[in-house]
Amino acid sequence: MIVPQTMIEMWATMGSTIASFMFIWAIIHQYCPYEVRLYFGKYTQRIMSFFYPYIKISIHEYAGDRLKRSEAYAAVEAYLSINSSKCAKRLKAEMAKDCSNLVLSMDEYERVKDEFQGIQVWWVSSKVMPPLQSMYPQQERRYYRLTFHKRYRGVISEVYLKHVIQQGKEIRVRNRQRKLYTNGSGNKWHIYKQTMWNHIVFEHPATFETLAMEHAKKQEIIEDLVTFSKSKDFYARIGKAWKRGYLLYGPPGTGKSTMIAAMANLLNYDVYDLELTAVKDNTELRKLLIETTSKSIIVIEDIDCSLELTGQRDKKEEKSPDEDKEKSEKETRKEHHKEETGSKVTLSGLLNFIDGIWSASGGERLIVFTTNYVEKLDPALIRRGRMDKHIELSYCSFEAFKVLSRNYLRLDAHPLFDKIESLMKETKITPADVAESLMPKSPLDDAEKCLSHLIQALEEAKEAEEVTEKADKDASKQNAQTATKAAEGRAKEDAAQPQENSH
Ligand SMILES: Nc1ncnc2c1ncn2[C@@H]1O[C@H](COP(=O)(O)OP(=O)(O)OP(=O)(O)O)[C@@H](O)[C@H]1O
Ligand SMILES: [Mg+2]
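- With an unreviewed UniProt entry as reference, the protein is termed Probable mitochondrial chaperone BCS1-B, source organism Populus euphratica.

1. As for the overall build of the protein
- Looking only at helices and strands, one finds 16 helices and 13 strands in the protein.
- Across the 503 residues that make up the protein, the buried fraction comes to 36%.
- Look at the contacts in the protein between residues 6 or more apart in sequence, and 69% of them connect residues 24 or more apart.
- A total of about 31700 Å² of accessible surface is found on the protein, and carbon and sulfur atoms cover 55% of it.

2. Things to note about the pairing of strand β9 (residues 243-249)
- Burial within β9 is extensive, with six of its seven residues counted as buried.
- Note: β9 against strand β12 (residues 365-371), seven bridges, orientation parallel. Following the sheet pairing, L248 is matched in β12 by T370.
- Pairing geometry for β9 and strand β13 (residues 389-392), over four bridges, is parallel.

3. Notes on the sheet that holds strand β4 (residues 111-116)
- Spatial strand order, β1-β6-β5-β4: four strands in an open sheet with antiparallel pairing. The two strands at the open ends of the sheet, each matched to only one other strand, are β1 (54-60) and β4. When strand polarity is set aside, the average angle formed by the axes of neighbouring strands in this sheet is 25 degrees.
- Bridge count between β4 and strand β5 (residues 119-128): six bridges; the pairing is antiparallel.

4. Description of the environment of R286
- Locating R286 in the fold gives a position in helix α8 (residues 282-290).
- R286 gets classed as partly exposed once you look at its relative accessible area, which sits at 39%.
- Note: C-alpha distance between R286 and G356 (70 residues apart in sequence) is 9.5 Å.

5. Let's talk about a negative patch on the surface
- A contiguous patch of negative charge, built from E460, E463, E466, E469 and D472, is present on the exposed surface.
- Tracing the backbone shows D472 in helix α16 (residues 447-502).

6. Description of unusual backbone geometry
- Within the chain, N268 stands out as a residue other than glycine whose phi angle is a positive 65 degrees.
- In this structure, N268 sits in the loop between α7 (256-267) and β10 (270-273).
- Notably, K295 is not glycine yet its phi reads approximately 55 degrees, a positive angle.
- For K295, the location among the structural elements is in the loop between α8 and β11 (296-300).

7. Topic: the packing of aromatic side chains
- Applying the stated criterion to the full structure yields twelve aromatic pairs.
- Taken together, a centroid distance of 6.5 Å and an interplanar angle of 40 degrees make the contact between W123 and Y160 tilted. Residue W123 is found in strand β5, and its partner Y160 is found in helix α4 (residues 153-175); the two are separated by 37 residues along the sequence.
- Residue classification places W123 among the buried positions, given a relative accessible area of 0%.
- According to the relative accessible area criterion, Y160 is buried, its value standing at 0%.
- Between W197 and Y272, the ring centres sit 4.9 Å apart and the planes meet at 70 degrees, which makes this aromatic pair edge-to-face. In this pair, W197 is assigned in the loop between β7 (179-182) and β8 (198-201) and Y272 in strand β10, connecting sequence segments 75 residues apart. Judged on exposure class, the residue W197 and its partner Y272 are both buried.
- Pairwise contacts between aromatic rings join F228, F234, Y235 and W242 into one cluster.
- A cation over an aromatic ring shows up here: K376 above the ring of Y373, its NZ or CZ 4.1 Å from the ring centre.

8. Concerning the environment of S343
- Locating S343 in the fold gives a position in the loop between α10 (329-341) and α11 (347-355).
- S343 gets classed as buried once you look at its relative accessible area, which sits at 11%.
- Counting along the chain gives 72 residues from S343 to P415, while the straight-line C-alpha distance between them is 55 Å.

9. Digging into a positive patch on the surface
- A surface patch of positive charge is lined by K280, R286, K287 and K344.
- With respect to the helices, strands and loops of the structure, K344 is situated in the loop between α10 and α11.

10. Examining the packing of α8 against α11
- Contact pair α8 / α11: the axes reach a minimum separation of 9 Å and the direction vectors enclose 15 degrees. The angle between α8 and α11 places the two elements in the roughly parallel class. Crossing of α8 against α11: the hand is right-handed. Across the interface between the two elements, N282, L285 and L289 of α8 pack against G349, L350 and F353 of α11.
- Grouping the amino acids of the contact of α8 with α11 by side-chain chemistry returns four nonpolar, two polar and no charged.

11. Focus: the sheet that holds β9
- Read from one edge to the other, the open sheet built from seven strands follows the order β8-β7-β10-β11-β12-β9-β13, with strand pairing classed as mixed. Only two strands of the sheet have a single partner each, and these edge strands are β8 and β13. Neighbour to neighbour, the strand axes of the sheet diverge by 20 degrees on average, direction disregarded.
- Along the sheet face, α7 touches β9, β10, β11, β12 and β13 and points at about 170 degrees away from the line of β12.
- Of the strands in this sheet, β9, β11 and β12 are in contact with α11, which crosses β12 at around 145 degrees.

Quick notes on the rules
Residues numbered from 1 in each chain as written. Chains lettered and ligands numbered in written order. Predicted model: local features only at pLDDT ≥ 70, side-chain atom pairs only at ≥ 80, totals over all residues. Heavy atoms only, no water. Helix = DSSP H or I, 4+ residues; strand = E, 2+ residues; numbered from the N terminus. Buried < 20%, exposed > 50% of the residue type's maximum accessible area, 1.4 Å probe, protein only. Contact = heavy atoms within 4.5 Å. Areas by Shrake-Rupley, 256 points an atom, 1.4 Å probe, with all protein chains shown as cover. Pairing = 2+ DSSP bridges. Axes fitted to C-alpha atoms, helices over the stretch in contact; angles between N-to-C directions. Patch = residues over 30% accessible without salt bridge, like charges linked within 9 Å, V, L, I, M, F, W, Y side chains within 5 Å. Salt bridge = Lys/Arg side-chain N within 4 Å of Asp/Glu carboxyl O. Lys, Arg positive; Asp, Glu negative; His and termini not counted. Charge placed at Lys NZ, Arg CZ, Asp CG, Glu CD. Phe/Tyr/Trp six-rings, centres within 6.5 Å; stacked < 30°, edge-to-face > 60°. Lys NZ or Arg CZ within 6 Å of the ring centre and 35° of its normal. Parallel < 35°, antiparallel > 145°, perpendicular 65-115°, else oblique. Left-handed = near helix turned anticlockwise from the far one by under 90°. Nonpolar A, V, L, I, M, F, W, Y, C, P; charged D, E, K, R; others polar.

Here it is, written out as structure tokens:
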């Protein structure tokens, strides 16, 4: 190969330039004071970067706001915890937050290679030691450094980094410890606290698998929830806030609260259990809403017990004797509590909470109301668009019972099932009562014994229903007789009236 003379001359010139530059640098390094070295160091970097074809990006653990860990660093850490564990040779292991297993991540000064769209990049984990002279004890500052060829600057900075952050966030959501948040009158401190919510780790074992319910209905709810959680783009396209309202209604003990736990476990969401009677006013309600995060379920249980919200409640409507009897203890308790705390949340405040302009911030949230008396709620509160899906949880069907028997007794079939099925058609029993009957009462109780307990409970429920029915019939018969007697009495009086007048 013939190399042109000018090229050889160019290389020779370049070589000698670098050589002389390095010679000068060595002399400076050896003999000059620190300040001069720093001054020349700045220029050396610039000259070196002219010949060096790689770009480096550092992501620091504490950038800008020194008190808060950088979100970007946490996302990169999560991304590399998956990718680096496959190829890094030095890993460090830490206990996961739920203490269930060890989480692996790259050890300090370890270097791993990653590939994206055929482009190779390198990640190094490193740290800066704090200056020794510092007056205050300081922690070492960790960072990740990404290196790639400068010809891929566009793809890496615009596509790859977004991909890393997104994947890292998803991994963090998957691995995070979910929380159960509550507000309450104990939160009077909130001026000094960063948040108005208290939280504990959310650990509820309920899943849709263990929920006693007809298969088709269960499947429909699961599909609805999963579709919602994957519809970010759809909601953005139609210009609607990414949230969905669920109204769960039915008698006590039919699984409303259990279903909320199953929902949270299915979607991996946090739960905000909002005690409405402990909220001072609409402003406080809005503050609470703003503090909720994405991927969460905001729950208001027994919404019918928040008095001002039930339009019809104040109109002293006629109640059937049954309804009066059914007025639950929790309702009375809440009324007392409400009187004590003097909550001034109004219906319009709550409507604003559900679909006001603030409710859109954060995104990906479910709002769930539960009630025992759906008919008492103001129609404005539960109309579609606010409470998009109304789910009735009712008395236990035979299909639902089979789920419970599988969970509690590991039984799919048994000769006593036929009797249970026919009794269930004749009487009402809640899944909570079925579950209680199926619980072994002593270590000697086997499946058959538990099923007999259930049969006994069903027979007792049937008898009680028959007695109530008979009492109702007697009462209405007596009422009818009283009404007839009264009518006859009035008729006699009317008949006597003209004679008196004629005298
Ligand atoms: N559908 C169900 N599937 C499985 N278990 C259930 C179901 N319904 C009730 N249970 C059992 O009964 C207990 C009480 O149920 P849960 O608290 O969910 O009822 P609820 O409808 O929320 O009642 P309330 O209206 O009084 O709040 C649960 O701990 C659970 O063990
Ligand atoms: Mg409940």
